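Examination of the molecular architecture
Below are the chains, spelled out letter by letter.
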Amino acid sequence: METDQIEEMDVEVLSSMWPDDVGTQADNQFNVEKPAGDSDTLKEVDIAEKRTMADLKRLPELLNTTDQGSSQLTNLVRQWEYMQDHAVRLLREELKILTRQREEAEAKELKIIEEHNFETEEPENVPVLDETSHLFRRFRQKKRDELVDSKRVVIDEEFDTVAYWKQKALSLEKMLEASTERERRLIEKLNESLKTMESHSAPVEELTQNLKRAEGFLHFILQNAPIVMGHQDKDLRYLFIYNKFPSLREQDILGKTDVEIFHGGGVKESEDFKREVLEKGKASKREITFETELFGSKTFLIYVEPVYNKAREKIGINYMGMEVTDQVRKREKMAKLREDNAVRKAMESELTKTIHITEETMRAKQMLATMSHEIRSPLSGVVGMAEILSTTKLDKEQRQLLNVMISSGDLVLQLINDILDLSKVESGVMKLEATKFRPREVVKHVLQTAAASLKKDLTLEGNIADEVPILVVGDVLRIRQILTNLISNAIKFTHRGKVGIKLKVISEPSFASDKEQNETSVWICCDVYDTGIGIPENALPCLFKKYMQASADHARKYGGTGLGLAICKQLVELMGGQLTVTSQVNLGSTFTFILPYKVATSDDHSDDQDEFSDMVDHHQPEPDDTTEGYFQFKALLGSIYSTAMLTSPIKLINGSVADPSNSSGQSQTVQVENGGYMDESESAHQYGNGNGHRCSSKESESCSSSQASSEMESELTVSSPREEEKTETEVKETSQQPKILLVEDNKINIMVAKSMMKQLGYTMDIANNGVEAINAVKDTSYDLVLMDVCMPVMDGLKATRLIRSYEESGNWDAAIEAGVDIKTSESEQGCERSTDRLPIVAMTANTLAESSEECYANGMDSFISKPVTLQKLKECLQQYLQ
Amino acid sequence: MNTVVAQLQRQFQDYLVSLYQQGFLDNQFTELRKLQDEGTPDFVAEVVSLFFDDCSKLINSMSRSLERPENVDFKQVDSGVHQLKGSSSSVGARRVKNVCISFKECCDVQNREGCLRCLQQVDYEYKMLKTKLQDLFNLEQQIVQAGGAIPQVNIN
């Protein structure tokens, strides 16, 4: 299986080097039959011998004149000589045998003679064969031993009689005759073998045979190989070619050069290569790709060697080309693959590196965020506690210390928040919130906060155009952050003069007065200007970059992280706005940001107050912020906080219904005297009522700047809800007490909750199920509903849904549809009720069935997990009733 | 007299602490005790006795529901358990509440056997608690009669 695959992969069916169908038209040289699979002997192979084309006249000449040619001949001759040697050796051996036979015969004869001598005492020196006479003597002894048993002439006549000698002579004669006969036969045989030897000795025949065999062998090997062989003379004209392109005829090739035969790419190169080899006299190989009309694109590996004659003169070249097109293609493909692979690997490693770096960065950011968070949490605790502490009775010095503590804490918090924000924005985690807020209030608070830590003789002013809506929807936290950043930046680089915020509506001026229009988008342009050192023009481009300041000098002189503007820009852009800057050196800078806001209805701020007052730090909003159009602050140090409060005499008091004149939101232009003590007394006057005593104390102390400032601070902080609440509750009639509805079916829970409420100073109505709750809500205007989720008759979720549906549609149709028996007796009153959103807080047992998500999905504002504790209840009431 | 009061007070403290330690009560009971002031000196006792009455009623109704082996009205049982769980959670009757949680689980899968077992357990637990609290209130009364104040017990 595996090997099969390998074979499939490695061994391709090799197509013939030359196309199959070209051969027929020419002189049909190319009809090579494929060898049968089992034919392994040369004889059985049908070899097409016509593929070779040679200049027959010149080839033998060539063979004679070149080394290669002569070595071939030498080989053949040597082979022939060897064969002759062999034949001679054979003949010699035969001769040896014959000689021995003759010797034997002679020995026998000698013996006979000896015997005869012995008997007749004939003289010994009767040589029969002269040349062997010496042998005779040598053999004599031997033969006497050896041939004793040989035929003995048996004569039965009496010794030494005539008959005896006669008989003896006769038998001897017979023996001689036989011997002679044998000799004659031997001679005959010798002649015969000499004759055959002669017949074998003709070498041409043999050489031809051999040559034929060699050629056959070559053909057998080469017949299907994609190989072209040839010999070219020193002018590179073909003298011999094997396996030429089939359509070319003899006259097309022989005696011609490559350039004359072929046209196209590579031809010239191969010719040059051959010439080079010829000149250098060194065999070499090269791969050449041909692009000819004749056979298209083919790559050959060409081997060329120079050919010398016997005089060591170059007379031409031999060349052999093997077609390697497929291999080259494969090789190139492999190379390309390898290259691709390498590139991919490089990219991969690059990517891994990037991922690694990104991960590192993310981790670092994550760590930064975590750390910041970890620092922030306890710090919030510190600041929060300090704030709570500030609401208790403190003497002036304590209060001052506390205020420093709070503002320092706030600064650190701000810094940490900056870092957190930046990493959030950068990692795309930052989410914007949409909350209602009052731009005027935000501006005022930003300035106020800035003034609190102002140590320069600067005037901080806020100027809000009339058309800027009272209430808009946006991410107040972020906007405040941007403003704070820009303002603190401006203050940092301004040593005298003014720093201010200017708010105006752009591009939709008609909109501002139209307050009935709900949720309409408005673009507000906010300028933060100063009369500071300004920014040189060349420093402007990098101003918003992280950790960049206008110059190193500035960084040294003014400090700071260089993060502020980067955060501002990112935040503004995140909110879909734009932050720009214009500046003139020594005259000041103006940072302008334009942001879109949605306009919220401004007549319901009695309900919403809590929503945004939470957002604006620890400073409790002054009631007048709603409509004020101009604020001015001076550094607390040596000058006075002055807020023009000549307008709106009506104060908003905790959750009570807003005065209609207030909700009209007309912003009055306010004249402000710059930093005079008059302002202060005036503003102090505004607090009136219970706070009146402060007025005098402040006036008396105003000459001492530090005391004045601390006094001012205290005034800012003291106006916390608690304090006001208390003064108000004393003044208020019972009807002003917030109305709370508890919807709960469990008697014990009711009892506990009621008792807790009582301890917190509230009373509440009770409904035992959803239906009762709806009826109660219909008849009475509640400020808060605490709703159990799981109840008989109708559960809290459904009741909430129905109440929300009423708020949206203004009728109870949905509730009636749901089968609630709406008592119509008091419906008139119900209809008149405004459709403000009633805060509904769920009370859940924190089980799966009563998940907080479900509460929110059904229109609840928040939830308290059961069992209800005093603390939870208190927090809830603080959040929703102020 | 002072020594008697002090002894009673210590006894009261120890007893109350033991109730927390044995898991009869949790922090919600502390909450409850916070709500008791001069205006409502018997607040805790009132709530608790209301709770025990409730328990007894609910357990009776649930045992009636679970009486018959077939066609148990689990919905009704469930509503009873819910009530009981809410109440016990509100007064800080920890053990009762815990049994109610498993009771509710049995109810959700309509496991009558489990429900019966839980019912028995709830019955046992609330009666147990009732006795314990009765003792506690007795102690309280003794302290008051002896002219002492109910001591603040910090459970933590």
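Starting afresh in each chain, residues are numbered from 1 along the sequence in its written order. Chains and ligands are labelled by the order in which they are written, letters from A for the one and numbers from 1 for the other. Since the coordinates come from a predicted model, pLDDT governs what is reported: local features require at least 70, and pairs of side-chain atoms require 80 or more to be given and counted, while whole-chain, interface and lining totals use all residues. Hydrogens and water molecules were not included; the side-chain quantities draw on all heavy atoms of the structure.

As annotated in an unreviewed UniProt entry, chain B carries the name Histidine-containing phosphotransfer protein and is attributed to Brassica carinata. Of the comments in the UniProt record for chain B, the one headed Function (unreviewed entry) reads "Functions as a two-component phosphorelay mediators between cytokinin sensor histidine kinases and response regulators (B-type ARRs). Plays an important role in propagating cytokinin signal transduction." UniProt positions are given in the numbering used here, feature names are shortened, and annotations may be inferred rather than shown by experiment.

Per an unreviewed UniProt entry, chain A is named histidine kinase, and its organism is Brassica oleracea var. oleracea. Under the UniProt heading Subcellular location (unreviewed entry), the note attached to chain A is "Cytoplasm".

This part covers the overall build of chain A. Helix and strand definitions follow DSSP, with helices as H or I runs of at least four residues and strands as E runs of at least two, each counted in order from the N terminus. Summing up its helical and strand segments, chain A has 28 helices and 20 strands in all. When a residue's accessible area, from a 1.4 Å probe over protein chains only, is under 20% of the maximum for its type it is buried; when over 50% it is exposed; and in between it is partly exposed. Sorting the 882 residues of chain A into buried and exposed places 43% on the buried side. Note on definitions: a residue-residue contact is assigned when non-hydrogen atoms from the two residues lie within 4.5 Å. A fraction of 70% describes how many contacts in chain A between residues 6 or more apart in sequence connect residues 24 or more apart. All accessible-area figures derive from a Shrake-Rupley calculation using a 1.4 Å probe, and residue coverage is judged against the displayed protein chains alone. Just so you have it, chain A exposes about 49200 Å², and 54% of that area is on carbon and sulfur atoms.

Here we come to the overall build of chain B. The number of helices and strands found in chain B is six helices and zero strands. Helices (α) and strands (β) of chain B occur, in sequence order from the N terminus, as α-α-α-α-α-α. Counting all 156 residues of chain B, 49% fall into the buried class. For chain B, the proportion of contacts with a sequence separation of at least 24, taken over those separated by at least 6, is 66%. Split by element, the accessible area of chain B, about 8200 Å² in all, is 46% carbon and sulfur.

All names here are of chain A. Feature annotation in UniProt assigns "modified residue: 4-aspartylphosphate" (unreviewed entry) to the following positions: Asp788. Along the chain, the position of Asp788 falls in strand E18 (residues 784-788). Setting aside anything within four residues of it in sequence, one finds Asp788 in contact with Val743, Glu744, Asp745, Gly796, Met843 and Lys866.

Definition used in this section: a nonpolar core is a set of buried Ala, Val, Leu, Ile, Met, Phe, Trp, Tyr and Cys residues joined via side-chain atoms within 4.5 Å. If you look at the biggest cluster of nonpolar residues, it comprises 71 residues, and the most contacted ones within it are Leu786 of chain A together with Phe29, Phe103 and Leu133 of chain B. Dropping the residues within four chain positions of it, Phe29 of chain B is found in contact with Leu16, Tyr20, Val44, Val48, Val91, Gly92, Leu133 and Leu136 of chain B. Listed in part, the 50 residues of the second largest apolar core include Val442, Ala451, Cys526 and Val581 of chain A.

The next thing to look at is helix H4 (residues 74-91) of chain B. Residue and element names in this part refer to chain B. Between the first and last residue of a helix there are one fewer steps than residues, each counted as 1.5 Å, and that sum is the expected span. The end-to-end C-alpha distance of H4 is 25 Å, a good match for the 26 Å that 18 residues give at a rise of 1.5 Å each. Counting buried positions along H4 gives 14 out of 18 residues, so the element sits mostly inside the fold. Downstream of H4 by one or two residues, Gly92 has phi in the positive range, about 85°.

Let us look at the interface of chain A and chain B. By a frequent convention, interface size equals the accessible area lost on bringing the separate parts together. Residue-level contacts link 20 residues of chain A with 22 residues of chain B. Accessible surface is computed with a 1.4 Å probe, and the buried area is the amount of it that two parts give up when combined, taken over both parts together. Here chain A and chain B share an interface that buries about 1700 Å² over both sides, 57% of which is from carbon and sulfur atoms. When the area that chain A buries against chain B is broken down by residue, the three leading residues are Ile748, Met751 and Pro867 of chain A, summing to 31%. Take a side-chain nitrogen of Lys or Arg and a carboxyl oxygen of Asp or Glu: if they are within 4 Å of each other, that pair is a salt bridge. If you look at where chain A meets chain B, you find one salt bridge. Polar contact is the term for a pair of N or O atoms within 3.5 Å; when the atoms are in protein, one must be able to donate a hydrogen and the other to accept it, and sequence-neighboring residues count only if both atoms are side-chain atoms. Here chain A and chain B share eight residue pairs in polar contact (both at pLDDT 80 or more) between them. The element that contributes the greatest number of residues to the side of chain A that touches chain B is helix H22 (residues 747-760) of chain A, accounting for nine residues. Put simply, Ala, Val, Leu, Ile, Met, Phe, Trp, Tyr, Cys and Pro go in the nonpolar bin, Asp, Glu, Lys and Arg in the charged bin, and everything else, Gly too, in the polar bin. Tallied by class, residues from the side of chain A that touches chain B come to nine nonpolar, six polar and five charged.

Let's shift gears to the sheet that holds E18 of chain A. All names here are of chain A. Should DSSP find at least two bridges between two strands, the strands are taken to pair. A sheet is described by the order of its strands in space; here five strands give the open sequence E17-E16-E18-E19-E20, paired in parallel fashion. Sheet topology places strand E17 (764-767) and strand E20 (862-865) at the edges, where each strand pairs with a single neighbour. Adjacent strand axes in the sheet meet at a mean angle of 20° when their direction is disregarded. Sheet analysis places strand E16 (residues 740-743) next to E18, joined by four bridges and oriented parallel. Looking at the pairing, Leu742 lines up with Leu786 of E18. With respect to the sheet, H22 is in contact with E16, E17 and E18, its orientation differing from that of E17 by roughly 165°. Helix H23 (residues 770-779) rests against E16, E17 and E18 of the sheet, and its axis sits at about 165° to E16. Axis angles are defined between N-to-C directions and span 0 to 180 degrees, where every axis is a line fitted to C-alpha atoms and, for a helix, only to the segment in contact.

Take the packing of H22 of chain A against helix H28 (residues 870-880) of chain A next. All names here are of chain A. Orientation of H22 relative to H28, taken along the N-to-C sense of each, is 60°, at an axis distance of 10 Å. Between H22 and H28, the angle is such that the two are oblique. The crossing of H22 and H28 is right-handed. Only Leu870, Leu873, Lys874 and Leu877 of H28 make contact with H22, whose side of the interface consists of Ala753, Met756, Met757, Gln759 and Leu760. Across the contact of H22 with H28, the residue classes break down as seven nonpolar, one polar and one charged. Between 65 and 115 degrees an angle is taken as roughly perpendicular, under 35 as roughly parallel, over 145 as roughly antiparallel, and anywhere else as oblique. Helix crossings are classified by the rotation of the near helix relative to the far one: an anticlockwise turn of less than a right angle makes the crossing left-handed, while a clockwise turn makes it right-handed.

Attention shifts here to the UniProt feature "coiled-coil region" (unreviewed entry) in chain A. The UniProt record marks residues 88-115 of chain A with the feature "coiled-coil region" (unreviewed entry), using the residue numbering of this structure. Segment residues 88-115 of chain A splits into 100% helix and 0% strand. End C-alpha atoms: 40 Å apart.

Residues and elements named next belong to chain A. Paired rings are identified among Phe, Tyr and Trp, the last through its six-membered ring, by centres lying within 6.5 Å, and are further divided according to the angle between planes into stacked (under 30 degrees), edge-to-face (over 60) and tilted (the rest). As enumerated under the stated definition, the model contains seven aromatic pairs over all chains in all. Measuring from centroid to centroid gives 5.1 Å for Tyr164 and Trp165, while their planes differ by 75°, and the two rings are edge-to-face. Residue classification places Tyr164 among the buried residues on the basis of a relative accessible area of 5%. Residue class for Trp165 comes out partly exposed when judged on its relative accessible area of 26%.

The subject of this paragraph is the confidence of the model for chain A. Residues and elements named next belong to chain A. By definition, pLDDT measures how confident the predictor is in each residue, and it falls between 0 and 100. Per-residue confidence for chain A averages 71 on the pLDDT scale, and 65% of its residues sit at or above 70. The weakest mean pLDDT in chain A belongs to helix H19 (residues 692-701) at 36; the strongest belongs to E16 at 91. Scored below 50 in pLDDT, residues 509-518 shows 14 contacts in the model against residues more than four places distant or in partner chains.

What follows is about the pattern of salt bridges. Residue and element names in this part refer to chain A. Summed over all chains, the structure comprises 29 salt bridges over all chains. In this structure, Arg438 and Glu441 form a salt bridge, with 3.9 Å as the shortest nitrogen-oxygen distance. Grouping residues by exposure puts Arg438 and Glu441 together as buried. One salt bridge connects Lys569 with Glu573, and the closest N-O pair in it is separated by 3.0 Å. Of the two residues, Lys569 and Glu573 both sit in helix H15 (residues 564-574), four residues apart, roughly one turn of that helix.

Okay, the confidence of the model for chain B next. Summarising the model, chain B shows a mean pLDDT of 87, and 98% of its residues fall at 70 or more. Both confidence scores are given for the complex: pTM 0.34, ipTM 0.84.

Turning our attention to the UniProt feature "modified residue: Phosphohistidine" (unreviewed entry) in chain B. UniProt records the feature "modified residue: Phosphohistidine" (unreviewed entry) at His82 of chain B, using the numbering of this structure. Among the secondary structure elements, His82 of chain B is positioned in helix H4.

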